[in-house]
Amino acid sequence: MRVYIETYGCQMNEYDSLMMGTILKAQGYSITSTPEDADVLIVNTCSVREKPEHKVFSAAGRLRKFKEKNHGKLIVTGCTAQQIGEEFIKKMPYVDAVVGPHYTQQIDDILDEIDRTGKVVKTSFLNSPMERFRKKFSPSLIRGVSAYVTIMEGCDNFCTYCIVPYVRGREISRSHQDIIEDIRHLISEGIKDITLLGQNVNSYGRKDPDEWDFTRLLEEVANIPGVKRLRFITSHPKDMSDEIINLFKKYTNIVPYLHLPLQSASNRILKLMNRKYTVERYFNIVEKLREARPEIALTTDLIVGFPGETDKDFEETLKAVEKIRYDNFFSFKYSPRPFTKAAQFPDRVPPETAQKRLEILQSIQRKITLEKNREKTGTIQEVLVEGKSKKNPLEISGRTPCNRIVNFPGPTELRGKIVKVRITEAYQNSLRGELLKEKVIA
Ligand code: 5AD
Ligand code: SF4
């Protein structure tokens, strides 16, 4: 039996897809990268904006013929499954199961249930970490020598534009014992680079008075021998404490890289978004981070065209982007989502205005990103080698501690090693360099 999994959206979804694959492999399935010959077809969906949500319906429609030809099963999982629920089957009766994010770890039982009872809908929320994170499958998303380890999931913040709290549910944290055990295991398997993953990592453990908080967890992980590089996503600026900033100073294996979503730099809009910080506080965090780790690379998320956003509000965002000079960012046009407060807000921004704002923002950022990349030429960087370069098969490729891609001539045997590379050229999305001989560091 073969299973095909198509994944949309964030790292959380990639993690869930990997998990489903792992569980089904343990049941004797093999994973196939082509839907034509699959017995089980899974579409793992995202609903954070309208565009990915639409893709889901076209994907399910496209996969229908393979399900019918192979007398297989077609299953929709993830956030759009949670959002639309039973209606999905009414709209697309050839879908066998609609499975919210909390049930992806029960995919094996769900397949059995389809055999027994026909259609299955699993969209009620689970509240205990024990139910959500079934321990028997080590939940790590591994890419080469890097691994993502989920520490928590869900969100209690209710930013007014965001569907996540409604589809991923309330915050649930894994136990620190499980997390530490997983990381030790990964290190023993040769992993060097760990990313702690969660919708809102700073809230780790907050609901359980006996659990560690995020600062303690980060410090304990930084102290595990063999963790050469450590990062975490995603942080909320309102929870970015001085203690966490100090850890950037204290531990050099916490990499100088932070994704810190700003969303908007107008205090009026931040308030409407329910973000609970001001732009002044955000600037202050950036200042302290740069003091603690001058080379820190910062990235962010920005939304343009939020209801009520005026030209003046947008200019505030532009000014902030020019002041902070992010290494890169993701920017999105506001997209009204079901269940969210902002979907009811007045003063919708015309799509053409939002599009224009997006283009202005992106062109400024392209310029800053290139300038920042050029600042790296001539420097010597520690590069964790990932393997053959995608662009040139004669070269190898890796990442700097700040997460920049570096291509350089060298042998593929260096995969997994950290080497010293002198940067010789800078491009929009990558750097080029030359390997310094005898410089394998780890
Ligand atoms: N419209 C546009 N962008 C959104 N995001 C979340 N919800 C919306 C929405 N309704 C963006 C935010 C968030 C990122 C993951 O997606 O910038 O940080
Ligand atoms: Fe969405 Fe805000 Fe929670 Fe992030 S912090 S997942 S933007 S509600």
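Rules behind the numbers
- Residues numbered from 1 in each chain as written.
- Chains lettered and ligands numbered in written order.
- Predicted model: local features only at pLDDT ≥ 70, side-chain atom pairs only at ≥ 80, totals over all residues.
- Heavy atoms only, no water.
- Helix = DSSP H or I, 4+ residues; strand = E, 2+ residues; numbered from the N terminus.
- Rg over C-alpha atoms; globule rule 2.2 N^0.38 Å.
- Buried < 20%, exposed > 50% of the residue type's maximum accessible area, 1.4 Å probe, protein only.
- Lys, Arg positive; Asp, Glu negative; His and termini not counted.
- Charge placed at Lys NZ, Arg CZ, Asp CG, Glu CD.
- Near = heavy atom within 4 Å.
- Polar contact = N/O pair within 3.5 Å; in protein donor to acceptor, adjacent residues only side chain to side chain.
- Areas by Shrake-Rupley, 256 points an atom, 1.4 Å probe, with all protein chains shown as cover.
- Pairing = 2+ DSSP bridges.
- Right-handed = clockwise from strand over helix to strand, strands pointing away.
- Axes fitted to C-alpha atoms, helices over the stretch in contact; angles between N-to-C directions.
- Contact = heavy atoms within 4.5 Å.
- Domains from an automatic or database assignment.
- Buried area = accessible area lost by both parts, 1.4 Å probe.
- Nonpolar A, V, L, I, M, F, W, Y, C, P; charged D, E, K, R; others polar.
- Salt bridge = Lys/Arg side-chain N within 4 Å of Asp/Glu carboxyl O.
- Disulfide = S-S within 2.5 Å.
- Core = buried A, V, L, I, M, F, W, Y, C linked by side-chain atoms within 4.5 Å.

Scanning the chain for helices and strands turns up 14 helices and 20 strands. Taken against the 2.2 N^0.38 rule, which gives 22 Å for 442 residues, the C-alpha radius of gyration of the chain at 22 Å falls within 12% of a compact globule. For the chain, the proportion of its 442 residues judged to be buried stands at 57%. If the 70 positive side-chain charges of the chain are averaged to one point and the 59 negative ones to another, these points end up 3 Å apart.

The subject of this paragraph is the site of ligand 1. Taken together, V48, R49, Y161, Q263, D301, I303, F332, K333, Y334, S335 and R337 make up the full set of residues adjacent to ligand 1. Contacts to ligand 1 include Y161, whose backbone N or O atom sits 3.0 Å from a nitrogen atom. At 2.7 Å, a backbone N or O of S335 approaches a nitrogen atom of ligand 1. Burial of ligand 1 by the protein chains amounts to 86% of its free accessible area of 400 Å².

Attention now moves to the pairing of strand β1 (residues 2-7). Relative to strand β2 (residues 30-31), β1 is paired through two bridges, and the arrangement is parallel. Counterpart to R2 in the pairing with β2 is S30. With helix α1 (residues 11-26) bridging β1 and its parallel neighbour β2, the resulting β-α-β unit is right-handed. Sheet topology note: the β1/strand β3 (residues 40-45) ladder contains five bridges and is parallel. Opposite Y4, over in β3, you have L41 as the bridge partner.

Across the sheet, four strands lie side by side as β7-β8-β11-β12; this open sheet has mixed pairing. Every other strand in the sheet has two partners, leaving β7 (140-143) and β12 (229-233) as the edge strands with one partner each. Mean inter-strand twist for the sheet, computed between neighbouring axes without regard to direction, equals 20°. As judged from the five bridges shared by strand β11 (residues 193-197) and β12, these two strands associate in the parallel manner. In the sheet register, I194 faces β12, and the bridge partner there is L230. On the sheet, helix α8 (residues 176-188) packs against β7, β8 (146-150) and β11 and is oriented at approximately 170° with respect to β8.

The next point concerns unusual backbone geometry. With an omega of 0°, the peptide bond between I233 and T234 qualifies as cis. Looking at the secondary structure, you find T234 in the loop between β12 and α10 (242-250). Even without glycine at this site, N403 takes up a positive phi of about 80°. N403 gets classed as partly exposed once you look at its relative accessible area, which sits at 24%.

Time to look at the domain arrangement of the chain. A common way to express how large an interface is: the accessible area buried when the components associate. As far as domains go, the chain holds domain 1 (2-122), domain 2 (128-255), domain 3 (289-375) and domain 4 (380-440). Computed over C-alpha atoms only, the centres of domain 3 and domain 4 are separated by 30 Å. Roughly 660 Å² of surface becomes buried between domain 3 and domain 4 when both sides are summed, with 44% attributable to carbon and sulfur atoms. Counting the surface domain 3 buries against domain 4, the share from its top three residues, A297, L370 and N373, is 59%.

A word on the site of ligand 2. Surveying the vicinity of ligand 2 reveals the residues C155, N157, F158, C159, Y161, C162, V164, P165, Q199, H236 and R275. Broken down by class, the residue content of the shell around ligand 2 amounts to seven nonpolar, three polar and one charged.

With that settled, consider the pattern of salt bridges. Taken as a whole and judged by the stated rule, the model has 31 salt bridges. In this structure, the salt-bridge partner of D239 is K238, at a minimum N-O distance of 3.1 Å. Note that E386 and R399 form a salt bridge whose closest N and O atoms lie 3.1 Å from each other. Taken together, the positions of E386 in strand β16 (residues 380-388) and R399 in strand β17 (residues 395-399) put the pair 13 residues apart, joining distant regions of the chain. Judged by relative accessible area, R399 falls into the partly exposed class, the value being 27%. One network of salt bridges, in which partners are shared, links R325, K367, E371 and E375.

Turning to the state of the cysteines, a few remarks are in order. Under the definition given, this model contains zero disulfides. No disulfide involves C46; its sulfur sits 6.4 Å from that of C10, the nearest cysteine.

Moving on: the nonpolar core. Among the nonpolar cores identified, the biggest contains 58 residues, and I183, I194 and F232 are the most heavily contacted of them. A total of six residues in this core trace back to one element, the largest contributor, which is helix α12 (residues 279-292). Both of domain 2 (128-255) and domain 3 (289-375) provide at least three residues apiece to this core. Once residues within four sequence positions are removed from consideration, I183 is found in contact with V149, I194, L196, V221, I224 and V227.

Bringing the environment of E322 into the picture now. Mapping E322 onto the fold places it in helix α13 (residues 311-324). Residue classification places E322 among the partly exposed positions, given a relative accessible area of 46%. Sequence separation between E322 and T400 is 78 residues; the distance between their C-alpha atoms is 24 Å. Among all residues touching E322, those that are not within four sequence positions of it are I364 and I368.

On to the side chain of T32. Relative to the helices and strands, T32 resides in the loop between β2 and β3. A polar contact is formed between the side chain of T32 and the backbone nitrogen of T34, at a distance of 3.1 Å. In this structure the side chain of T32 is engaged in a polar contact, spanning 3.3 Å, whose partner is the side chain of D37. Residue contacts for T32: discarding those within four places in its chain leaves R2, V3, Y4, D37 and A38.

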